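# Structure assessment
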Amino acid sequence: MSARQRLRLVLVLGSLIAIGPLTIDMYLPALPAIALDLHTTSAAVQLTLTGTLAGLALGQLLIGPLSDAVGRRLPLLAGIALHILASVLCVLAPNIAVIGVLRVLQGLGVAAASVVAMAVVRDLFSGAAFARLFSRLMLVMGAAPILAPTLGSGLLRWSDWRGVFAALAVFGVLLVTVAVFGLAETLPPDRRRHGGVATILRDYRALLRDRTFVGLVLVAGLAMAALFAYVSGSSFVFQQRYGLDEQQFGLAFGAGAVGLIGATQWNVRLLRRYSPQRILVTALGVGAAAGLVLVTFAATGFGGLAAILASLWVVLAAAGLALPNAPALALSRHGEAAGTAAALLGAVQFGVGAVAAPLVGVLGTGSMAMAAVVAGGMLAAMAVLLTVVGPARLTDVEASAVAVAAH
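All of the points below concern the structure found in this document.

### What to know about helix H1 (residues 3–25)
Taking 1.5 Å per residue as the helical rise, H1 with its 23 residues ought to reach 33 Å, and the 31 Å between its terminal C-alpha atoms agrees with that figure. If you look at H1, its biggest bend is around 30°, right at Ile17, and the proline Pro21 turns up within four residues after that.

### Description of the nonpolar core
Core analysis: the largest hydrophobic core is formed by 132 residues, its most contacted members being Leu13, Leu16, Leu53, Tyr230, Phe238, Leu280 and Leu284. Per-element tally for this core: the top contributor is helix H9 (residues 211–241), with 18 residues. Excluding residues within four positions of it along the chain, Leu16 makes contact with Leu76, Ile80, Ala113, Ala117, Leu175, Ala179 and Leu183.

### Observations concerning the packing of aromatic side chains
All chains considered together, the criterion is met by seven aromatic pairs. Ring centres 5.2 Å apart and planes at 5° place the aromatic pair Tyr230 and Phe253 in the stacked group. A residue pair is termed long-range when its members are at least 10 positions apart, and Tyr230 in helix H9 and Phe253 in helix H10 (residues 246–270) qualify at 23 residues. Assessed through its relative accessible area of 2%, Phe253 is described here as buried.

### As for a nonpolar patch on the surface
There is a patch of nonpolar side chains on the surface, built from Val258, Val286, Trp313 and Val314 and spanning about 320 Å² of accessible area. Within the secondary structure, Val258 sits in helix H10.

Criteria and cut-off values
- Residues numbered from 1 in each chain as written.
- Predicted model: local features only at pLDDT ≥ 70, side-chain atom pairs only at ≥ 80, totals over all residues.
- Heavy atoms only, no water.
- Helix = DSSP H or I, 4+ residues; strand = E, 2+ residues; numbered from the N terminus.
- Expected span 1.5 Å × (residues − 1).
- Bend = angle between axes of the 7 residues up to and from the residue.
- Core = buried A, V, L, I, M, F, W, Y, C linked by side-chain atoms within 4.5 Å.
- Buried < 20%, exposed > 50% of the residue type's maximum accessible area, 1.4 Å probe, protein only.
- Contact = heavy atoms within 4.5 Å.
- Phe/Tyr/Trp six-rings, centres within 6.5 Å; stacked < 30°, edge-to-face > 60°.
- Patch = residues over 30% accessible without salt bridge, like charges linked within 9 Å, V, L, I, M, F, W, Y side chains within 5 Å.
- Areas by Shrake-Rupley, 256 points an atom, 1.4 Å probe, with all protein chains shown as cover.
- Salt bridge = Lys/Arg side-chain N within 4 Å of Asp/Glu carboxyl O.

Dropping the structure here:
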């Protein structure tokens, strides 16, 4: 694959992956306004985020095996169409309960783009090559968390929160066009999985019996939980606790995303000198330590908003190093069922995130609640890496990934 073809692939797949962060993050500045307009609580509004993440998790479990059976393009196009429909209906939603249901449907639609993009990368790459390309993908999709709250804040200047969902519908239409004309089928008929439900269950059973795979998937999920705790709680912490307006919140949120994106691009350089295993262990260690510092600042109030932002920046940067490498090591073990493996990976990531998001609200939506869940996610990821996976198994995973990549 030439450099130009690789760049085109990164842009197309990055666009597909970006719809997830846009759907999740673009309405964050509007959460307090939604609660006020629909006469509901902040916890109820945060549950709409949980609904999106739950839809993402469930959708990937269904769409992953389907894409292994019928190819990548058909499930992708159907999923984006569902997302467009749900976005349009959100514009017309009369209450928070209806929005919650529609956000689940949005998540189901977004799941198709997420799992297909990951499966396409695994169809074409493995091991360190996968990690490098996925780091580049995170540059493209990382622009979405930076731009989404800012775009949402801009829309709120001339529209109410319903305009955010109208914009998501328009983006879905553009994405269908990109998928139709920019993405070829990467799973030929002779490599597709057949056998119906029995084959799907057999594939999931084989994945769940692989302790190393399960451990690495849990590591990725817990790191993602820390990220979604920040996503869920930041709008309330920054706006209600520290008095930022919607535009200032977009800038503060974007600063954290810069740390995440910068780390993913640094990961490409690090992979030239260090193994994915070593980077993953170091990143989680730094992220866990920064999480504890974040809890200290939140509990004492020392340093104010600047201290909270600085420690969050380090945690997000650590997540930016962990998130490309844990999936790369996990998926290198199961190329024969890439869609199913990517689906289970994505389902765990967004499923754990779906639990973390409302947990911040349950604990009180304050800075301490957000800090505790963020730090807990990073500490738990480190613990799982050391106890469930273990250094010896990581070495074996890395050796097999290099062998696969060589072929």
